[in-house]
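What follows is each chain in one-letter form.
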Amino acid sequence: KQEVTQIPAALSVPEGENLVLNCSFTDSAIYNLQWFRQDPGKGLTSLLLIQSSQREQTSGRLNASLDKSSGRSTLYIAASQPGDSATYLCAVGGYNKLIFGAGTRLAVHP
Amino acid sequence: GAGVSQSPSNKVTEKGKDVELRCDPISGHTALYWYRQRLGQGLEFLIYFQGNSAPDKSGLPSDRFSAERTGESVSTLTIQRTQQEDSAVYLCASRGRGLNEQYFGPGTRLTVT
């Protein structure tokens, strides 16, 4: 059974810091891995999707890497801003569903 | 274009009552998913519809939960005889044919008193 773990559970940093959020999964037989952002009271916003054959994806200040063999992914956020404050969810994709981690709650203070 | 929409946005119900939650996927998306998110936890998969194929119901937690989808359009999730542990945000997502990314709706917050 696939299990997804995210570390840390919560993180509070001053504006401008570079951050690394970690995600690990137990079964390497995945189709893809997605990182989402969730703001309070709102749905999920997809940030990056990495196919199983890829090693990383980049979008603006965000970079996500995938190491299937070790069951790990990292989300790197450069030059963090207060607007980045949210919960970040990692999800591994099987054929017909996503398996989510519990998320990392990020607070970036001015 | 319009994204995934869900209604109602909030629902408060008494224990033992039945509730129906609605999801309108992105037009043309063949795949539709329901997930549940309990307070402070990640999302749990409930059910998956793909076109006219039999749905994958492997995530439904009990026989009080059921879902239907009309063709490739709207879906309803029904919870019968609600219990307090059913309190959660219920999220719907859709995915286009041949694509990998799931697009999520804003969710329905269900509170069972």
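Residues numbered from 1 in each chain as written. Chains lettered and ligands numbered in written order. Predicted model: local features only at pLDDT ≥ 70, side-chain atom pairs only at ≥ 80, totals over all residues. Heavy atoms only, no water.

A. Spotlight on the nonpolar core. Counting residues in each nonpolar core, the largest one holds 22 residues, and the members touching the most others are Phe25, Leu33, Trp35, Leu75, Ile77, Tyr88 and Leu106 of chain A. Elements represented by at least two residues in this core include exactly β3 (19-25), β4 (32-38), β5 (44-51), β7 (62-67), β8 (72-77), β9 (86-93) and β11 (104-109) of chain A. With residues near it in sequence (within four places) discarded, Phe25 of chain A still touches Gln2, Glu3, Val4, Ile30, Leu33, Leu66, Asp67, Lys68, Gly71, Arg72 and Val92 of chain A. Residues Ile26, Ala67, Leu77 and Cys92 of chain B belong to the second largest nonpolar core, which totals 20 residues. (Core = buried A, V, L, I, M, F, W, Y, C linked by side-chain atoms within 4.5 Å. Buried < 20%, exposed > 50% of the residue type's maximum accessible area, 1.4 Å probe, protein only. Helix = DSSP H or I, 4+ residues; strand = E, 2+ residues; numbered from the N terminus. Contact = heavy atoms within 4.5 Å.)

B. Structural context of the side chain of Ser73 of chain A. Residue and element names in this part refer to chain A. Inspection of the secondary structure puts Ser73 in strand β8. Residue classification places Ser73 among the buried residues on the basis of a relative accessible area of 1%. Among the polar contacts made by the side chain of Ser73, one reaches the main-chain carbonyl oxygen of Ser65 at a distance of 2.6 Å. With residues near it in sequence (within four places) discarded, Ser73 still touches Leu21, Asn22, Cys23, Leu33, Trp35, Ser65 and Leu66. (Polar contact = N/O pair within 3.5 Å; in protein donor to acceptor, adjacent residues only side chain to side chain.)

C. Just the interface of chain B and chain A, in detail. Taken together, the contact pairs 17 residues of chain B with 17 residues of chain A. Summing the contributions of chain B and of chain A, the shared interface buries around 1400 Å²; its carbon and sulfur component is 51%. The tally of links between chain B and chain A comes to 0 salt bridges. Run the count over chain B and chain A and you get 4 residue pairs in polar contact (both at pLDDT 80 or more). (Buried area = accessible area lost by both parts, 1.4 Å probe. Salt bridge = Lys/Arg side-chain N within 4 Å of Asp/Glu carboxyl O.)

D. Up close: the sheet that holds strand β6 (residues 56-59) of chain A. Residues and elements named next belong to chain A. Strand order across the open sheet formed by 5 strands is β1-β3-β8-β7-β6, with antiparallel pairing between neighbours. The open sheet has two edge strands with one neighbour each: β1 (4-7) and β6. The mean inter-strand angle of the sheet, taken between neighbouring strand axes irrespective of direction, is 15°. Across 4 bridges, β1 lies against β3 in antiparallel orientation. What sits directly across from Thr5, in β3, is Ser24. (Pairing = 2+ DSSP bridges. Axes fitted to C-alpha atoms, helices over the stretch in contact; angles between N-to-C directions.)

E. Quick peek at the sheet that holds strand β6 (residues 65-69) of chain B. Residue and element names in this part refer to chain B. Taken together, the 4 strands give an open sheet; going across it, the order is β1-β3-β7-β6, and neighbouring strands pair in antiparallel fashion. The sheet terminates laterally at β1 (5-7) and β6, the two strands that pair on one side only. Taking each pair of neighbouring strands and ignoring which way they run, the sheet shows an average axis angle of 15°. With 5 bridges joining them, strand β3 (residues 19-24) and strand β7 (residues 75-79) adopt antiparallel strand pairing. Looking across to β7, one finds that Glu20 is bridged to Thr78.

F. Molecular detail of the pattern of salt bridges. Enumeration over the complete set of coordinates arrives at 5 salt bridges over all chains. In this structure, the salt-bridge partner of Asp39 of chain A is Arg37 of chain A, at a minimum N-O distance of 3.0 Å. The residue Arg64 of chain B makes a salt bridge to Asp86 of chain B at a minimum N-O spacing of 2.8 Å. With Arg64 of chain B in the loop between β5 (43-50) and β6 and Asp86 of chain B in the loop between β7 and β8 (88-95), this residue pair connects regions lying 22 residues apart in the sequence. Note on Arg64 of chain B: relative accessible area 12%, which makes it buried.

G. Layout of the state of the cysteines. Summed over all chains, the structure comprises 2 disulfides over all chains. Here Cys23 of chain A pairs with Cys90 of chain A through a disulfide, and the sulfurs are 2.0 Å apart. Around the S-S axis, the bridge from Cys23 of chain A to Cys90 of chain A shows a dihedral of about -60° and counts as left-handed. In this pair, Cys23 of chain A is assigned in strand β3 and Cys90 of chain A in strand β9, connecting sequence segments 67 residues apart. You can call Cys23 of chain A buried: its relative accessible area is 2%. What makes Cys90 of chain A buried here is its relative accessible area of 0%. Two residues, Cys23 of chain B and Cys92 of chain B, share a disulfide whose sulfurs are 1.8 Å apart. The sign of the -65° torsion about the S-S bond sets the Cys23 of chain B-Cys92 of chain B disulfide as left-handed. Note that Cys23 of chain B is positioned in strand β3 and Cys92 of chain B in strand β8, a separation of 69 residues in sequence. Like Cys23 of chain B, the residue Cys92 of chain B is buried in the burial classification. (Disulfide = S-S within 2.5 Å.)

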